[in-house]
Amino acid sequence: YIIKLIKELISKGNKIAILGDKIYIKNVYNFGYLTRAKAQNIISKSRCSLNNPENLFSYFFQDCLSFNLKIFYNKTFSEFNVFKTKKLIPISYNNPKTDLKIILNNYKI
């Protein structure tokens, strides 16, 4: 699912950076596993992030929030979202067309 979504985002002219597990897709910047300081440096240069669908409160999520990024997260966690900000945008993680539309409407190149 995420690979399909990433490919669609790239085809629309977006630049994608991946931290953690490497996903081998053309025109994607794979940084692999980094120290938190190096990850924060990359996050600080970003505009938005796609949170993993399993964990709303990961360190990655918290770092993205602290750097004021728009964060697309799994809508099944909406009831646990205690943050009062418009920067958190729920997506389904099961409908790529709908999620892509939400992402593109909330993030302009």
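Residues numbered from 1 in each chain as written. Predicted model: local features only at pLDDT ≥ 70, side-chain atom pairs only at ≥ 80, totals over all residues. Heavy atoms only, no water.

Enquirer: Describe the environment of T76, with residues and values.
Expert: Residue placement: T76 occurs in the loop between β4 (70-74) and β5 (88-91). Separated by 32 residues in the primary sequence, T76 and S44 have C-alpha atoms spaced 27 Å apart. A polar atom in the side chain of T76 sits 3.0 Å from the side chain of N74. (Helix = DSSP H or I, 4+ residues; strand = E, 2+ residues; numbered from the N terminus. Polar contact = N/O pair within 3.5 Å; in protein donor to acceptor, adjacent residues only side chain to side chain.)

Enquirer: Hey, could you go over the packing of helix α2 (residues 36-44) against helix α3 (residues 59-66) for me, with residue numbers and the actual values?
Expert: It is the contact of α2 with α3, at a shortest axis distance of 10 Å, that shows an interaxial angle of 45°. With respect to each other, α2 and α3 are oriented oblique. The element α2 and its partner α3 pack so that their crossing is right-handed. Within the contact between the two elements, α2 uses R36, Q40 and I43 and α3 uses Y59, F60, D63 and C64. Its residues assigned to classes, the contact of α2 with α3 shows four nonpolar, one polar and two charged. (Axes fitted to C-alpha atoms, helices over the stretch in contact; angles between N-to-C directions. Parallel < 35°, antiparallel > 145°, perpendicular 65-115°, else oblique. Left-handed = near helix turned anticlockwise from the far one by under 90°. Contact = heavy atoms within 4.5 Å. Nonpolar A, V, L, I, M, F, W, Y, C, P; charged D, E, K, R; others polar.)

Enquirer: Explain unusual backbone geometry to me, using residue names and the numbers behind them.
Expert: Of note in the backbone geometry, N68 takes a positive phi value of approximately 60° without being a glycine. Tracing the chain through its elements places N68 in the loop between α3 and β4.

Enquirer: Now, about the packing of aromatic side chains: what can you tell me, with residues and values included?
Expert: To describe a pair of aromatic rings, one takes the distance between the centres and the angle between the planes. Applying the stated criterion across every chain yields a total of two aromatic pairs. Arranged with centres 6.0 Å apart and planes meeting at 45°, the rings of Y1 and Y93 form a pair that is tilted. Of the two residues, Y1 is situated in the segment before α1 (2-11) and Y93 in the loop between β5 and α4 (96-106); the sequence distance between them amounts to 92 residues. Judged by relative accessible area, Y93 falls into the buried class, the value being 11%. Between F57 and F61, the aromatic rings sit 6.2 Å apart at their centres with planes inclined by 85°, giving edge-to-face as the arrangement. Taking the relative accessible area as the measure of exposure, F61 reaches 0% and is therefore buried. (Phe/Tyr/Trp six-rings, centres within 6.5 Å; stacked < 30°, edge-to-face > 60°. Buried < 20%, exposed > 50% of the residue type's maximum accessible area, 1.4 Å probe, protein only.)

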